[in-house]
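# Commentary on secondary and tertiary structure
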Amino acid sequence: MQLQLISLVLICLHSMEYIDSQHASRIRRHRKLHPGVSHGCQGGCATCSDYNGCLSCKPRLFFFLERNGMRQTGVCLSSCPSGYYGTRSPDINKCTKCKADCDACFNRNFCTKCKAGLYLHMGKCLDVCPDGFEPIGQHMECTAIVHCEVGEWSQWSPCSKRGKTCGFKRGEESRTRETLRVPSASGDTCPATKEKRKCAVQRRRCRKGERKEGSERKRRPNKENKEENQESRQEERDTDNREESENKNKTEHRRRKAQNKQRISTAGSTVQ
């Protein structure tokens, strides 16, 4: 019985020695076929070389060749550097260079940033922006030109003069409209948003303490108030003089017309 156990142990030891020798033989053959290749790599590499760096990457990482002078070294990155875009395939994930006129891109046919002097429009790099577009921003992107847009005119304001609605016969009225859309640099500018026109009303005297229309009169220095009051009184006197003169002219005209009519009537009676 002991002899059987001893023989079994010897057979097991011999088998283990054979397996180890076969594994060592395979490693030697692999090194002969792939000199410098290692499976104990760092930095995301699945396989690597002492001279060439990474040869393949771990899952989800991108393989990228870095150029150092005349030498290229493989590295594995989580995202591709500027000027490259990532492509995935069952065999390898790698960084591919963008087109010559792109500084950055999403894929080969869609740029996200152009080289200096070019304008980005819908993923393309152009010498000039197309019609209806203008460059804007630091990235020289083409955006649609915006023209000014205004709303409808408001109603005309009450006739006023120097903020008052009394104490005058001729004044001004105004109306406004809102700017609905501000134009871009190349867009059509906005038309006038405020208009004024002359107006005439039946003159009425201001009541004591009557304020400016729409807001209370702001306090002003005494000198300024005095000058304004003098101007207002002078305007009222001038208006009164004009109205008195107009009334006299109308009365004189009616008197002369009546006299002429009376003369014509008297001359007719004499002829008969």
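Since the structure is predicted, the reported quantities are computational estimates derived from the model, not experimental observations.

Here we take up the overall build of the chain. Scanning the chain for helices and strands turns up 2 helices and 17 strands. Taking all 272 residues of the chain together, the buried fraction comes to 20%. In the chain, the proportion of contacts linking residues at least 24 apart, taken out of those at least 6 apart, comes to 35%. Just so you have it, the chain exposes about 21,500 Å², and 52% of that area is on carbon and sulfur atoms.

A separate point is the packing of aromatic side chains. Under the definition given, this model contains 1 aromatic pair. Summarising the aromatic geometry, the rings of Phe-64 and Tyr-84 are spaced 4.9 Å apart at their centres and angled 80° between planes, so their arrangement reads as edge-to-face. In this pair, Phe-64 is assigned in strand E4 (residues 62-68) and Tyr-84 in strand E6 (residues 84-87), connecting sequence segments 20 residues apart. Here Arg-197 stacks its cationic end above the ring of Trp-156, 3.9 Å away from the centre of that ring.

Looking now at the side chain of Arg-177. Topologically, Arg-177 is positioned in the loop between strand E15 (170-176) and strand E16 (179-181). Buried and unpaired, Arg-177 has Glu-195 as its nearest opposite-charge partner, separated by 5.9 Å. Those residues in contact with Arg-177 that lie beyond four places of it in its chain are Val-150, Gly-151, Glu-152, Trp-153, Pro-191, Ala-192 and Thr-193.

Taken as a whole and judged by the stated rule, the model has 10 disulfides. In this model Cys-80 forms its disulfide with Cys-95; the gap between the sulfur atoms is 2.1 Å. Handedness here is read from the sign of the S-S torsion; for Cys-80 and Cys-95, about -95°, the answer is left-handed. One end of the pair, Cys-80, is in the loop between strand E5 (71-77) and E6; the other, Cys-95, is in strand E7 (residues 94-97), with 15 residues separating them in the sequence. The exposure class assigned to Cys-95 is buried, which follows from its relative accessible area of 12%.

In this section: the nonpolar core. In summary, soluble globular proteins display a tendency toward joint burial of nonpolar side chains. Counting 9 residues, the largest nonpolar core is built from Tyr-85, Cys-98, Cys-102, Cys-105, Cys-111, Cys-114, Leu-118, Leu-120 and Cys-125. Taken together, the elements giving at least two residues each to this core come down to strand E8 (102-107) and strand E9 (110-114). Sequence-distant contacts of Cys-125, that is, excluding residues within four places in its chain, are made with Asp-101, Cys-102, Cys-111, Cys-114, Leu-118 and Tyr-119.

With phi around 75°, Arg-60 is a residue other than glycine that occupies positive phi space. Within the secondary structure, Arg-60 is located in the loop between strand E3 (53-57) and E4. Residue Arg-60 is classed as exposed on the basis of its relative accessible area, which comes to 63%.

A few words now on the environment of Val-201. Locating Val-201 in the fold gives a position in the loop between strand E17 (194-200) and helix H2 (222-271). Here Val-201 falls in the partly exposed class, since its relative accessible area comes to 31%. Along the primary structure Val-201 and Lys-169 are separated by 32 residues, whereas in three dimensions their C-alpha atoms are 5.2 Å apart. Those residues within four positions of Val-201 in sequence are excluded, and the remaining contacts are Cys-159, Phe-168 and Lys-169.

Bringing the pairing of E3 into the picture now. As judged from the 4 bridges shared by strand E2 (residues 45-49) and E3, these two strands associate in the antiparallel manner. Pairing of Cys-45 across the sheet is with Cys-57, part of E3. Where E2 hands over to E3, the hairpin turn is made up of 3 residues, counted between the paired strands.

Taken as a whole and assessed by the stated rule, the structure comprises 5 salt bridges. The shortest N-O distance in the salt bridge between Lys-115 and Asp-103 comes to 3.2 Å. With Lys-115 in the loop between E9 and strand E10 (119-121) and Asp-103 in strand E8, this pair connects stretches of sequence that are 12 residues apart. With a closest N to O distance of 3.7 Å, Lys-198 and Glu-172 form a salt bridge. Placement of Lys-198 in strand E17 and of Glu-172 in strand E15 is noted, with a sequence separation of 26 residues between them.

Mapped onto the fold, Thr-47 is located in strand E2. The exposure class of Thr-47 is buried, given its relative accessible area of 16%. One polar contact links Thr-47 to Ser-56, side chain to side chain, over a distance of 2.6 Å.

With 68% of its residues at a pLDDT of 70 or more, the chain shows a mean pLDDT of 77. Taken as a whole, residues 26-37 scores under 50 in pLDDT and shows 8 contacts with residues more than four places along the chain or in a different chain. Counted against residues more than four places away or in other chains, residues 212-218, with its pLDDT under 50, gives 12 contacts.

What counts, and at which threshold
- Counting restarts for each chain, with residues numbered from 1 along the sequence as it is written.
- Local features in this predicted model are restricted to residues whose pLDDT is 70 or higher, and side-chain atom pairs enter the listing and the counts only when it is 80 or higher, whereas totals over whole chains, interfaces and linings include all residues.
- In computing side-chain properties, one takes all heavy atoms of the structure into account and sets aside hydrogens as well as water.
- Strands here are runs of E lasting at least two residues and helices are runs of H or I lasting at least four, both read from the DSSP assignment and numbered beginning at the N terminus.
- Type-normalised accessible area, obtained with a 1.4 Å probe on protein chains alone, sets the label of each residue: buried when under 20%, exposed when over 50%, and partly exposed for intermediate values.
- A contact between two residues is defined here by any heavy atoms of the two lying within 4.5 Å.
- To be clear on the numbers: accessible area is Shrake-Rupley with a 1.4 Å probe, and residue cover counts the displayed protein chains and nothing else.
- Between 30 and 60 degrees the pair is tilted, below 30 it is stacked and above 60 it is edge-to-face, where a pair is any two Phe, Tyr or Trp rings, Trp via its six-membered ring, whose centres lie within 6.5 Å.
- A ring is scored as having a charge over it whenever the NZ atom of a lysine or the CZ atom of an arginine sits within 6 Å of its centre and within 35 degrees of its normal.
- Here Asp and Glu are counted as negative and Lys and Arg as positive; His is not counted, and neither are the chain ends.
- Only one rule defines a salt bridge in this text: a Lys or Arg side-chain nitrogen within 4 Å of an Asp or Glu carboxyl oxygen.
- Note on terminology: disulfide denotes any pair of cysteine sulfur atoms within 2.5 Å.
- Only buried Ala, Val, Leu, Ile, Met, Phe, Trp, Tyr and Cys residues count toward a nonpolar core, and they belong to the same one when joined by side-chain atoms within 4.5 Å.
- At least two DSSP bridges between two strands are needed for those strands to be called paired.
- Pairs of N or O atoms are called polar contacts if they sit within 3.5 Å, as long as, within protein, a hydrogen donor faces a hydrogen acceptor (for residues adjacent in sequence, only side-chain-to-side-chain pairs).
- Confidence per residue, as judged by the predictor, is encoded in pLDDT with a range of 0 to 100.

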